[in-house]
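Examining the three-dimensional arrangement
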Amino acid sequence: MAKQKAIIDQALIDKLFPHWLEIRRDLHRHPELAFEEVETARKIMAELDRLQIPYEYQGKGGGVIGRITGKASAHVPIIALRADMDALPGTETSGLPFASEFPGKMHACGHDAHVTMVLGAAALLQENPPPGQVLLVFQPAEESGGGARVIIKSGVLEGVRAIFGGHVTHHYRVGEIMVAEGVITAQSDSFTIHIHGRGGHGARPHEAIDAVVIAGFLITAVQTLVSRETDPLHPSVITIGQVEAGSAPNVIAESAVLRGSLRTTLPQVRRHLHRGLRRMVKALAELHGAEIDLQIREGYPPVINSPAETDIARRAAVEVVGEKGVMAMEYPSMGSEDFAFYLQKLPGCYVRFGARKQEEEYIPLHSPAFDINEGVLKVGAAYFAAVAWEALKRYEGG
Ligand code: NI
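Residues numbered from 1 in each chain as written. Predicted model: local features only at pLDDT ≥ 70, side-chain atom pairs only at ≥ 80, totals over all residues. Heavy atoms only, no water.

**Quick notes on the nonpolar core**
Core analysis: the biggest nonpolar cluster contains 69 residues, and Leu81, Leu136, Phe138, Phe164 and Tyr383 have the highest contact counts within it. With 15 residues, the top contributor of residues to this core is helix H9 (residues 375-396). Those residues in contact with Leu136, other than ones at most four positions away along the chain, are Leu48, Ile53, Val64, Ile65, Gly66, Ile68, Leu81, Val118 and Ala122. Core analysis: the second largest hydrophobic core is formed by 26 residues, Ile152, Met178, Ala340 and Tyr350 among them. (Core = buried A, V, L, I, M, F, W, Y, C linked by side-chain atoms within 4.5 Å. Buried < 20%, exposed > 50% of the residue type's maximum accessible area, 1.4 Å probe, protein only. Helix = DSSP H or I, 4+ residues; strand = E, 2+ residues; numbered from the N terminus. Contact = heavy atoms within 4.5 Å.)

In C-alpha cells:
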C-alpha cells in the first residue's frame with residue numbers, strides 16, 4: 001500500500017488559492033453555453049499544460065480529459081473526477097466586478113467553480129501523487145443535451161473503476177459537504193402539449209373552439225396528478241413553464257402550446273404521471289371538441305450514488321471538513337443532473353458543496369444573481385484530491 005502523507009495540505013491550498021480565484025473569475029466573466037465551450041476548454045488545457053498534466057481534447061462539443069498518472073505501475077486502478085463546463089442562457093444581475101461580459105449568458109449554476117475545483121485538485125495531486133491514475137473529466141453541456149453521454153461514447157472511461165462529481169449549492173454553508181447514498185436527484189422528463197382548436201372573432205365564441213380556455217383547464221387539471229393522485233410521501237413535480245397562444249386581444253386563439261417539466265424519484269410514480277398526462281389530454285380534447293397532441297421526452301435519469309463509493313466520498317469529506325461538516329441529505333433534490341448517465345455505467349458518488357456563508361443571502365441556482373462564496377473552491381479542490389486518494393487506496397488493495 002502506498003504511503004500517504006496528509007492529502008490536505010492547508011498551507012499549499014492557501015498558497016494556490018489566489019490562482020484558483022483568477023481561474024474561476026476568468027471563467028465566470030466569459031461563460032459559454034452547452035456544446036460551445038471552446039474558450040473554456042482552451043483555458044483548462046492551458047492550466048493542465050502549466051501543471052504538466054497530459055490531456056486529450058475532443059474538440060468543440062466534446063470534453064477535455066486530463067490524466068494524472070500518479071505512482072503508475074502496469075495495473076493501477078483508475079478513477080475519474082468530473083467537472084461540467086457550460087453556462088446558462090440568461091443575463092447576470094449579480095453586480096460582481098467579474099460578472100459575465102457576454103450578454104445573455106452567465107454561470108448561474110456554478111460550473112465555473114466546478115472546473116476550478118477539479119483543476120485545483122489536479123494541482124494538489126501533482127504535488128502528492130496518488131497510488132493510481134486519475135482522469136480529469138471536463139465535460140460539455142450538463143445543462144442541456146447531456147454532455148456526459150458524449151464523454152461516455154468517446155470511450156475514455158473504459159477501465160475506470162469509479163467516478164466522483166459534485167455541485168455547489170446555497171443549501172449548505174461553506175465548510176459543509178453533503179454526502180448521501182442512493183437517490184440524490186430526480187428523474188426529469190419534459191413535455192409539450194399542442195392544442196388545436198378553431199380560431200374566430202372574440203365576440204363570436206360559438207363559432208370557435210378556444211384554445212386558450214382549453215389551455216387554462218389543462219394547466220389546472222394536470223396539477224391534480226401530483227396533488228390528488230400521487231402519494232404525498234413520493235416526491236414529484238409537474239411544472240408548466242411556458243405557454244404560447246393568441247395573436248390579439250379580440251381574436252380567439254386557434255392553437256396553444258404548453259411546455260412543461262416532470263420530476264419524479266420513483267419509476268412507478270413516473271409511469272403514473274405519464275399515463276395521467278395522456279389521460280387528461282385525451283379527456284380535455286373530448287370535453288371541448290379540440291385536438292390535443294402530447295409529446296413526452298425522456299430527460300436525465302436519477303443520480304443514484306453507489307454504497308461503497310459513497311463511503312469513500314464520506315471519508316474524503318471528513319478529511320476536508322471534519323465529521324461536523326459532513327451533512328446527510330434529508331430528501332432527494334427534485335433537480336436533475338446528467339452525472340446520472342455515468343452512474344448507469346460505473347459506480348460513483350455525487351456530493352454537494354455548501355457555497356454560502358451564514359450571513360450571506362440565499363440565492364437559488366439558475367438565478368440571474370447567483371454567486372458562490374469563493375471559500376468553497378478550497379473545499380471542493382481539497383475534497384476532489386482527497387476522494388481520488390481515498391478511492392485509489394481502497395482499489396489498490398484489489
Ligand atoms: Ni449545475
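**A short note on the pattern of salt bridges**
Taken as a whole, this structure holds 20 salt bridges when the rule is applied. For Arg82, the salt bridge goes to Glu337, with nearest N and O atoms at 2.7 Å. Taken together, the positions of Arg82 in strand E3 (residues 78-84) and Glu337 in the loop between strand E17 (326-327) and helix H8 (339-345) put the pair 255 residues apart, joining distant regions of the chain. Each member of the pair, Arg82 together with Glu337, is buried. One salt bridge connects Asp311 with Arg315, and the closest N-O pair in it is separated by 3.3 Å. (Salt bridge = Lys/Arg side-chain N within 4 Å of Asp/Glu carboxyl O.)

**Considerations on the coordination of the nickel ion**
Coordination of the nickel ion by the protein involves Cys109 (SG), His111 (NE2) and His167 (NE2), with metal-donor separations of 2.1 to 2.2 Å. Each donor residue of the nickel ion belongs to the same chain, with the gaps between them written as C-x1-H-x55-H. Like Cys109, the residue His111 is buried in the burial classification. (Donors = N, O, S within 2.8 Å, 3.2 Å for Na, K, Ca; no water.)

**Some words on the domain arrangement of the protein chain**
By a widely used convention, the size of an interface equals the accessible area lost when the partners come together. For the protein chain, the assigned domains read domain 1 (2-185 + 302-395) and domain 2 (195-298). Just the C-alpha atoms count here: the centres of domain 1 and domain 2 sit 39 Å apart. On the side of domain 2, six residues touch domain 1, which itself brings five residues to the contact. Summing both sides of the interface, domain 1 and domain 2 together bury roughly 450 Å²; the carbon and sulfur share of this comes to 72%. (Domains from an automatic or database assignment. Buried area = accessible area lost by both parts, 1.4 Å probe.)

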